[in-house]
Amino acid sequence: MATGRTHRPATRSRGIPEATVARLPLYLRALTALSERSVPTVSSEELAAAAGVNSAKLRKDFSYLGSYGTRGVGYDVEYLVYQISRELGLTQDWPVAIVGIGNLGAALANYGGFASRGFRVAALIDADPAMAGTPVAGIAVQHTDDLDRIISENGVSIGVITTPPGAAQQVCDRLVAAGVTSILNFAPTVLSVPDGVDVRKVDLSIELQILAFHEQRKAGEEAAADGRAAVDTDADEAPPMRATPTGRKGPDGDMPAVMPA
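None of the values given here were measured: they were computed from a predicted structure.

K.L.:
What is the right way to look at the overall build of the protein in this model?
P.N.:
Looking only at helices and strands, one finds nine helices and eleven strands in the protein. Residues counted as buried form 34% of the 261 residues belonging to the protein. Of the contacts made within the protein by residues no fewer than 6 positions apart, 57% connect residues no fewer than 24 positions apart. Per element, the accessible surface of the protein, about 15,900 Å² overall, is 56% carbon and sulfur.

Next up, the structure:
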């Protein structure tokens, strides 16, 4: 089986937009679920709903793959699974190294979904000498002193950083120097990399903050709605205003005359 060091996905050379590339895994996840249920074909509307996008966007995305479906039939599920997997580079083996084997690193090492999606955890690396040799998910942890050798021997081109933020940039630099060209960063810091190196950032705290913003906005909208409802209720219960004839004395003096329109 080919390794990730010698084969790169063809998406950029085919001119597929980055926004489309970002949605391909969503389609693949939905299609894989359909395949597991032995569903042979799916319409663009059904697949779009399962992936959480609109059907027009889905059809546009698939046009970049050269897949247009069949009118009245839809898309062939198994063929689309293969086609998207090929575009994402998942029909080959991608050895992955995880650096920083704390709680998060260990959890990722134990995640069983990598293998079924074309990724093989080839190495676990940590700076703590006490961790060296400790088995995690059946793989012995190795020390960062041997990082260059580990990357080279395992043909790793994708590195996952789960270190504390203060160590992330140094680890990133060492991974890049060792030949890693794609990095998934879980450390809450921005990494600086040279041209030709791709970085994807996963920051759980930012995602939670975004959710907090939406929760606060929803609470504000509910409070505003309650306030409007209370005003409407008060208005319904208020006694009607009595008109004062023009030129008559009101309680505060002469009432102004109403000019004709």
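K.L.:
How do you make sense of the environment of S157 when you look at a structure like this?
P.N.:
Looking at the secondary structure, you find S157 in the loop between α7 (147-154) and β7 (158-161). By relative accessible area, S157 is classed as buried at 3%. The sequence separation of S157 and V197 amounts to 40 residues, and the corresponding C-alpha distance is 10.0 Å.

K.L.:
What's the story with the sheet that holds strand β4 (residues 119-126) in this structure? I'm lost.
P.N.:
The pairing of strands in a sheet happens through backbone hydrogen bonds and is either parallel or antiparallel. Taken in spatial order, the seven strands of this open sheet run β5-β6-β4-β3-β7-β8-β9, and their pairing is mixed. Here the strands that pair on one side only, and so sit at the sheet edges, are β5 (135-136) and β9 (198-201). Note that strand β3 (residues 94-99) and β4 share six bridges and pair parallel. Paired with V99 across the strands is I125, a residue of β4. On top of the sheet, α7 reaches β3, β4 and β6 (139-143); it is set at about 165° to β4, its chief contact. This element, helix α8 (residues 165-178), spans β3, β7 and β8 (182-185) of the sheet and lies at about 170° to β7.

K.L.:
Which parts of the structure should I look at to understand the side chain of R23?
P.N.:
In this structure, R23 sits in helix α1 (residues 18-36). Excluding residues that lie within four positions of it along the chain, R23 makes contacts with V53, K57 and D61.

K.L.:
What am I meant to see in helix α4 (residues 77-87) here?
P.N.:
Note: α-helices contain 3.6 residues per turn, so residues at a spacing of three or four share the same orientation. Along α4, the residues that are buried comprise V77, L80, V81, Q83, I84, S85 and E87. N-capping of α4 is provided by D76, with a side-chain oxygen placed 3.2 Å from the backbone N of E78. Taken from the residues just after α4, G89 is the one with a positive phi, measuring 80°.

K.L.:
Please explain the packing of α7 against α8 as it appears in this structure.
P.N.:
Helix-helix packing: each pair is described by the crossing angle between the helix axes and the interaxial distance. Between α7 and α8, the least distance of the axes is 9 Å, while the angle of their chain directions is 45°. One element, α7, and the other, α8, form an angle in the oblique class. When you trace α7 past α8, the crossing you get is right-handed. Residues L147, D148 and I151 of α7 pack against R174, L175 and A178 of α8. A breakdown of the residues in the contact of α7 with α8 according to their chemical character gives four nonpolar, no polar and two charged.

Reading the values: rules and limits
- Residues numbered from 1 in each chain as written.
- Predicted model: local features only at pLDDT ≥ 70, side-chain atom pairs only at ≥ 80, totals over all residues.
- Heavy atoms only, no water.
- Helix = DSSP H or I, 4+ residues; strand = E, 2+ residues; numbered from the N terminus.
- Buried < 20%, exposed > 50% of the residue type's maximum accessible area, 1.4 Å probe, protein only.
- Contact = heavy atoms within 4.5 Å.
- Areas by Shrake-Rupley, 256 points an atom, 1.4 Å probe, with all protein chains shown as cover.
- Pairing = 2+ DSSP bridges.
- Axes fitted to C-alpha atoms, helices over the stretch in contact; angles between N-to-C directions.
- Polar contact = N/O pair within 3.5 Å; in protein donor to acceptor, adjacent residues only side chain to side chain.
- Parallel < 35°, antiparallel > 145°, perpendicular 65-115°, else oblique.
- Left-handed = near helix turned anticlockwise from the far one by under 90°.
- Nonpolar A, V, L, I, M, F, W, Y, C, P; charged D, E, K, R; others polar.

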